[in-house]
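Listed here are the chains, written in short residue letters.
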Amino acid sequence: MTRKVPVFIDGEFKQSATEQWIDVTNPATQEVIAQAPVTTLAEMQEAVASAKKAFLTWKETPVSERARVMLRYQALLKEHHDEIAEILAGETGKTFDDAKGDVWRGIEVVEHAANIPSLLMGETVENVARGIDSYSYTQPLGVCAGITPFNFPAMIPLWMFPLAIACGNTFILKPSEQDPLTPTRLAELFVEAGAPKGVLQVIHGGKEQVDFLLDEPAVRAISFVGSVPVGQYIYRRGTENMKRVQAFAGAKNHCVIMPDANKSQVISNLVGASVGAAGQRCMAISVAVFVGAAREWIPEIAAELAKVKPGGWNDKGAAFGPLISPQAKQRVEQFISQGEKEGAELLVDGRNCEVEGFPDGNWVGPTMFGKVTTDMEIYKNEIFGPVLCTTEVNSLEEAIALVNANPYGNGTSIFTASGAAARKYQHEVEVGQVGINIPIPVPLPFFSFTGWKGSFFGDLHAYGKQGVRFYSETKTITARWFESDIADASGPNMT
Ligand code: NAD
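Residues numbered from 1 in each chain as written. Predicted model: local features only at pLDDT ≥ 70, side-chain atom pairs only at ≥ 80, totals over all residues. Heavy atoms only, no water.

1. Notes on the layout of surface pockets
Each pocket or cavity is described by its volume, and for the largest pocket that value is around 910 Å³. Forming the walls of the largest pocket are 41 residues, and the residues nearest its centre are P149, F150, G226, S227 and V230. When contributions to the lining of the largest pocket are tallied by element, the ones reaching two or more residues are α6 (155–166), α8 (207–215), β10 (219–225), α9 (228–240) and α12 (326–342). Take the lining of the largest pocket: its biggest share by element is five residues, from α9. (1 Å grid on protein atoms, 1.4 Å probe; cavity = no way out; pocket = protein on both sides within 12 Å on 5 of 7 lines; lining within 4 Å. Points joined across faces, edges and corners; volume = space filled by probe spheres on them. Helix = DSSP H or I, 4+ residues; strand = E, 2+ residues; numbered from the N terminus.)

2. Some points on the UniProt feature "domain: Aldehyde dehydrogenase" (unreviewed entry) in the chain
UniProt tags residues 15–477 as "domain: Aldehyde dehydrogenase" (unreviewed entry). Between the C-alpha atoms that bound residues 15–477 there is a distance of 47 Å. The span itself is 40% helix and 21% strand. (UniProt positions renumbered as here; feature names shortened; annotations may be inferred.)

3. As for the sheet that holds strand β15 (residues 367–370)
Reading across the sheet, the seven strands line up as β14-β15-β16-β13-β12-β18-β19 and stay open at both edges, with mixed pairing between neighbours. This sheet does not close on itself; its edge strands, each paired only once, are β14 (345–348) and β19 (434–436). The mean angle between the axes of side-by-side strands here comes to 20 degrees, regardless of whether they run parallel or antiparallel. Sheet topology note: the strand β13 (residues 285–291)/strand β16 (residues 387–393) ladder contains five bridges and is parallel. Its bridge partner lying in β16, V291 is registered against V393. Lying on the sheet, helix α10 (residues 263–275) is in contact with β12 (253–257), β13, β16 and β18 (412–415); it crosses β13 at an angle near 155 degrees. Those strands touched by helix α14 (residues 396–405) are β12, β13, β16 and β18, and its axis lies near 180 degrees from that of β12. (Pairing = 2+ DSSP bridges. Axes fitted to C-alpha atoms, helices over the stretch in contact; angles between N-to-C directions. Contact = heavy atoms within 4.5 Å.)

4. Looking at the sheet that holds strand β6 (residues 132–140)
The sheet built from three strands is open, its strands ordered β5-β6-β22 with antiparallel pairing. Edge positions in the sheet fall to β5 (124–129) and β22 (472–480), since each has one partner strand and no second. For this sheet, the mean inter-axis angle between neighbouring strands, taken without regard to orientation, is 30 degrees. By the bridge criterion, three bridges tie β5 to β6 in an arrangement that is antiparallel. Within β6, the residue paired with V125 across the bridge is S134.

And the structure:
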């Protein structure tokens, strides 16, 4: 019998009463490895009631005790690192190294959450008026919820619930229905780390379950990561319902290559950053912008890109795995055909890719287009596949103008040996995360993940100090004590 993914409600992993199940498949073989429940209304209501109840005691739990849960959780995640990565590789198709990276980047956020006592420290000013002091506290919101995408089933849930819970909130997670096994394992280990009953709940499903969370009055804040249309929808409906919402969405990330850049670094970094994880990363480099004479490297980059191959998760020679679903593969191949029709130069064609031993996998090989222009659909859309578009400009100013005209603003990078060019780029580019000679500049968790423009809807970003502020309220106290009330040695002041 196919394994049924449990819901995690009120401290129990249990089989949903639903009659609707979603197949979870291995993208390299199409084998159905599990089924995720379309969680029922009654179960979701139970999850909310349990999260509300748990909040009453969890918010009073001393902050150092909350931090200790995170310390134990970090140790357990490290201990089970490879086992989680294997589960993750089985349902996403990622290579083992990539799957381990997905888990590791999540562990780093748990480490950040373990610092919660100092992260929660407020501000104080003495004598704001004569004998009057002001100080602020950071208090939790209540029940928070997270909706996560398929492409980082360990890292992205871990962006959310550890920090929200360390702040004193309780949390309902609705992970992607395409890879729910990894988040389930994360929840099991969280229980083992000592998280009390009801502090975390995990429900499964799709739009209907998300709509429930968006409309449920007890849910105070929603964190979302996923595609642009869904992100916009969640931001609109969540804020319409007066909730706090942070929605991280799609991207089109440019890498600018100056002619003075280190050529071998450019080639190896571009290959990994564009087709790694089959291009299914919101920070993947999908457009390379060659400035001036750097365009002469394009044929060499195409030759290197053509050498890398996709393969099974434990194939050490594989650079990346399959796409998540047959629909995703079809969509990417359609974009490749469209690029050809639009007049871009197809330098490397990843269509009709075959991998020995996996005849049914959702394979697309490395793909590269030359002479891409900004009016082409392959430029305007996030392809989310192993496809690198390249374009050519004559100056750094032109490159900056091109990047700034793009509606997305998640990540970008510049490769150059000139500090002045790098300084100009970092200062003028309208993108929230900038790499200098680093292709995928994902900030570590003591900073925040700061996408801009069409890649983010909201105000406060994920993790770092901003994550703490997102999951908390600030209470400011102004206090006056009367010296005349101080009891002296003879007893209380009776005047
Ligand atoms: P998706 O938007 O299809 O799904 C994300 C989540 O939303 C899932 O849990 C899904 O069940 C739910 N959902 C799907 N359709 C819905 C609807 N109509 N109404 C309500 N909820 C719905 O995204 P995906 O395909 O899982 O993930 C890939 C996307 O995520 C890419 O666009 C990628 O760029 C983006 N992403 C962004 C970041 C970032 O930090 N900016 C990080 C990772 C992924």
